[in-house]
Structure formats: structure tokens, C-alpha cells
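Here are the chains, one letter per residue:
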Amino acid sequence: MSKNANATLEKKIKMTQEIIDQYGRINGDNDTIHYDSELARSRGFRGTLAHGLNIMGYGAGLAARKYGDRWYTEGELYTKWIAPVCPGDDVIVTLTEDGELRGTVAQGSTMVGYAKVGNQ
Amino acid sequence: MTRPSEVKPREGDQPGTPYADFEVGAQLPEMQFTVTPEINEEYLAAIDEQDADYYTYKGRPVCAPNVLSVYLLAVLYRRYPPIQGIVVFDQLWKWRHPIFADENTDLIAFGEVTDKFEKRDRKWLRFTAKFKKTDGTLVAEAAHTLHLPE
């Protein structure tokens, strides 16, 4: 069992356009909502949107720490994105002892879900 | 090495697929690609993973299994090229076999459109995908829900 199995794990990061651009390069997309601030604001957002899958990646990293070997053969990750993350946001992603996954910014929850192994 | 951009049609590169054209039950054809140590390292950097030593399986270095997430939409987009404005809603992953980080791994991904519906004045699409090694070993399964712009 991982030494992190019985703890709430946390990842904090300040979102920047540079992070969004870096994720976009490996993701290989050209969705302008991630890169054109004026366009994003015209659609009612606070700014460009970070990739939801990028935020998921932070949570998956916590799960790798929590579950160790079992994560790679029995792991299950569910994420639902409920609000945007924009440049300047302080993002906090937590994975609780019982596997609840949550991402928050100052405006509230941005991602919910779970990470588990086996038949938890 | 296969960068996602080599296999994933990008928004705006060709006419995108309107909601009406998606067919429930449509098979998403096989896509072959190679996950390399370099791709994994670039992915880990993109998700601000500063300690790759956490990623081991029985003492051997492995890729973050979620590296597959940057390839998932390619499975859909190769049959249905994307339009601008697609928004991700949820995603489910089940990891079933490690991808080792000290070698190249050839993978085959394929999928199926499982649902489309209109709800709360939005148009929704669901698809599933499987990722297998070339010897048939199941590596991961995914299900993804998107909402499509008008």
C-alpha cells in the first residue's frame, strides 16, 4: 500500500496562459477558446479556458501517489468539469482519503469526480 | 514517437462535423500510435508533474496512464473532424495495464459513438474508446461526454 493511501492529497498551481499553451502543444488542439482571450471574453468567460484534461492530470497525479502499483492495473478515474479555470486562477485539486476528487478556484468548484482502485 | 497532433485532426483544419452528422453506434476506426519516453516526459511537464519517481510499477518506471488522454479525442475526430467550440463535460478512465516509461509502446485505439441527445438547450455526444497493445493486451478504456456548439 502506498504511504499516501490514508491521507488527503493536494496539488496547488497558479494557472497561466503559458501553462495552457504548454498543454496545448502536447494535446495538439487548435480550439481558440484556449488561446484567444478576446474571443473567450466575448463568449462570457473571465478569460481563456485551461484545458479540462490538464486539470484532470493534476488529480491523476495525486491518484498515482495514493494508490501506487494498483493504479496502473485497477485504477478508475472519473472527472466532471463544472466551471472554467482561467489564467490567474489559483487552482487547488484535492484527493481525499476515500477517493473523492475536487478542483476549486476562488469562484468555487471547477471539477468533481473520484479516483479509486478495484471495487472500492 | 507519435505526437497527438500527428494523428488528431485540429479544429479549423477542415470543415467540422455538425451535430446532425454524428450517428449513434458509429464505429471509430483503429488508430495506431506510439507512446515514447519523450512523449511521457513532455506530458508530465505539461501537468506540472515534478516528481516522475512516483510513477513506478513493481519498481519499473511507467508512464502516467493519463498520457493517453491527449490521444482520446483523436479517436473521435479522425472520423468526425471537430468544429470550434466543443466543450468537455466528463470523462471516465479505467487503467488495465501499465505503459512502461523506459521503452516505446505501440498502441491501437478504437471506439464507438454511444449516445447523442439534446438537454438544457445543449447538444451532447458520448463516445467510448479502448486502447490496446499490438499483441491485444487491453491497456485502458475510456468514456467521454462532450457538448457541441450550435
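Above: the structure in question.
If you're wondering where the values come from, they're calculated on a predicted model, not measured in any experiment. (Residues numbered from 1 in each chain as written. Chains lettered and ligands numbered in written order. Predicted model: local features only at pLDDT ≥ 70, side-chain atom pairs only at ≥ 80, totals over all residues. Heavy atoms only, no water.)

The secondary structure content of chain A amounts to four helices and five strands. The C-alpha radius of gyration computed for chain A amounts to 15 Å, which stays within 12% of the reference 14 Å derived for 120 residues, consistent with globular compactness. Taken along the three principal axes of its C-alpha coordinates, chain A extends 50 × 30 × 20 Å. Residues classed as buried in chain A amount to 55% of the 120 residues present. For chain A, the accessible surface area stands at approximately 5,200 Å², while carbon and sulfur atoms represent 48% of it. (Helix = DSSP H or I, 4+ residues; strand = E, 2+ residues; numbered from the N terminus. Rg over C-alpha atoms; globule rule 2.2 N^0.38 Å. Buried < 20%, exposed > 50% of the residue type's maximum accessible area, 1.4 Å probe, protein only. Areas by Shrake-Rupley, 256 points an atom, 1.4 Å probe, with all protein chains shown as cover.)

This next bit is on the overall build of chain B. Of the regular secondary structure elements, chain B holds three helices and seven strands. Walking chain B from its N terminus toward its C terminus, one meets helices and strands in the order α-β-α-β-β-α-β-β-β-β. Taking 15 Å as the expected radius of gyration for a compact globule of 150 residues, we find that chain B reaches 16 Å, a close match to that expectation. With the C-alpha coordinates aligned to their principal axes, the bounding extent of chain B is approximately 50 × 30 × 30 Å. The 150 residues of chain B split such that 51% are buried. Long-range pairs, those at least 24 residues apart, make up 75% of the contacts in chain B between residues at least 6 apart in sequence. When the accessible area of chain B is evaluated, it comes to approximately 6,600 Å², of which 44% is carbon and sulfur surface. Computing the positive centroid from 18 side-chain charges and the negative centroid from 24, chain B places the two 7 Å apart. (Contact = heavy atoms within 4.5 Å. Lys, Arg positive; Asp, Glu negative; His and termini not counted. Charge placed at Lys NZ, Arg CZ, Asp CG, Glu CD.)

Next up on the list: the packing of aromatic side chains. The tally for this structure, following the rule as stated, stands at 11 aromatic pairs over all chains. Between Tyr 67 of chain A and Trp 71 of chain A the ring centres are 5.9 Å apart and the planes differ by 20°, which places this aromatic pair in the stacked class. This pair shows no difference in class: Tyr 67 of chain A is buried, exactly as Trp 71 of chain A is. Ring centres of Trp 93 of chain B and Trp 95 of chain B lie 5.0 Å apart, and the angle between their planes is 20°; on these two criteria the pair is classed as stacked. Trp 95 of chain B gets classed as buried once you look at its relative accessible area, which sits at 1%. (Phe/Tyr/Trp six-rings, centres within 6.5 Å; stacked < 30°, edge-to-face > 60°.)

The next thing to look at is the pattern of salt bridges. One pass over the full model with this rule turns up 14 salt bridges over all chains. Residue Glu 100 of chain A pairs with Arg 102 of chain A through a salt bridge whose shortest N-O separation is 3.3 Å. On the accessibility criterion, Glu 100 of chain A (35% relative accessible area) is partly exposed. For Lys 123 of chain B, the salt bridge identified is with Glu 118 of chain B, shortest N-O distance 3.8 Å. Judged by relative accessible area, which is 18%, Lys 123 of chain B ranks as buried. Three or more residues joined by partner-sharing salt bridges are found here, namely Arg 60, Asp 102 and Glu 103 of chain B. (Salt bridge = Lys/Arg side-chain N within 4 Å of Asp/Glu carboxyl O.)

Sheet faces and side chains relate simply in a regular strand, where the side chains alternate between the two faces. When you tally the buried positions in strand β2 (residues 75-81) of chain A, you get five out of seven residues, the bulk of the element. With seven bridges connecting them, β2 of chain A and strand β5 (residues 108-117) of chain A associate as antiparallel partners. Residue Tyr 78 of chain A lies in a different strand from β5 of chain A, and its bridge partner there is Tyr 114 of chain A. Where β2 of chain A lies against strand β4 (residues 87-95) of chain B, five bridges are found, and the strand directions are antiparallel. Within β4 of chain B, the position partnered with Tyr 78 of chain A by the bridge is Leu 92 of chain B. (Pairing = 2+ DSSP bridges.)

Let us look at the sheet that holds β2 of chain A. Working definition: the strands of a sheet are paired by backbone hydrogen bonds and lie parallel or antiparallel to each other. An order of β1(A)-β3(A)-β4(A)-β5(A)-β2(A)-β4(B)-β7(B)-β6(B)-β5(B)-β1(B) is seen for the 10 strands of this open sheet, with the pairing classed as antiparallel. Two strands close off the open sheet at either side, each with one partner strand: β1 (9-14) of chain A together with β1 (27-35) of chain B. Across the sheet, the axes of successive neighbouring strands diverge by a mean angle of 15°, strand direction being ignored. (Axes fitted to C-alpha atoms, helices over the stretch in contact; angles between N-to-C directions.)

Ranked by size, the top nonpolar core spans 78 residues in total, and within it Trp 71 of chain A together with Leu 68, Leu 76, Trp 93 and Phe 131 of chain B carry the most contacts. Counting residues per element, this core draws most heavily on helix α3 (residues 52-67) of chain A, at nine residues. Residue contacts for Leu 76 of chain B: discarding those within four places in its chain leaves Phe 22, Leu 28, Val 113, Leu 125, Phe 127 and Leu 146 of chain B. (Core = buried A, V, L, I, M, F, W, Y, C linked by side-chain atoms within 4.5 Å.)

The next point concerns the environment of Ile 19 of chain A. All names here are of chain A. With respect to the helices and strands, Ile 19 occurs in helix α1 (residues 17-27). Using a relative accessible area of 14% as the deciding quantity, one classes Ile 19 as buried. The sequence separation of Ile 19 and Ile 33 amounts to 14 residues, and the corresponding C-alpha distance is 14 Å. Discounting residues that sit within four places of it in the chain, Ile 19 has contacts with Ile 13, Lys 14, Asn 54 and Tyr 58.

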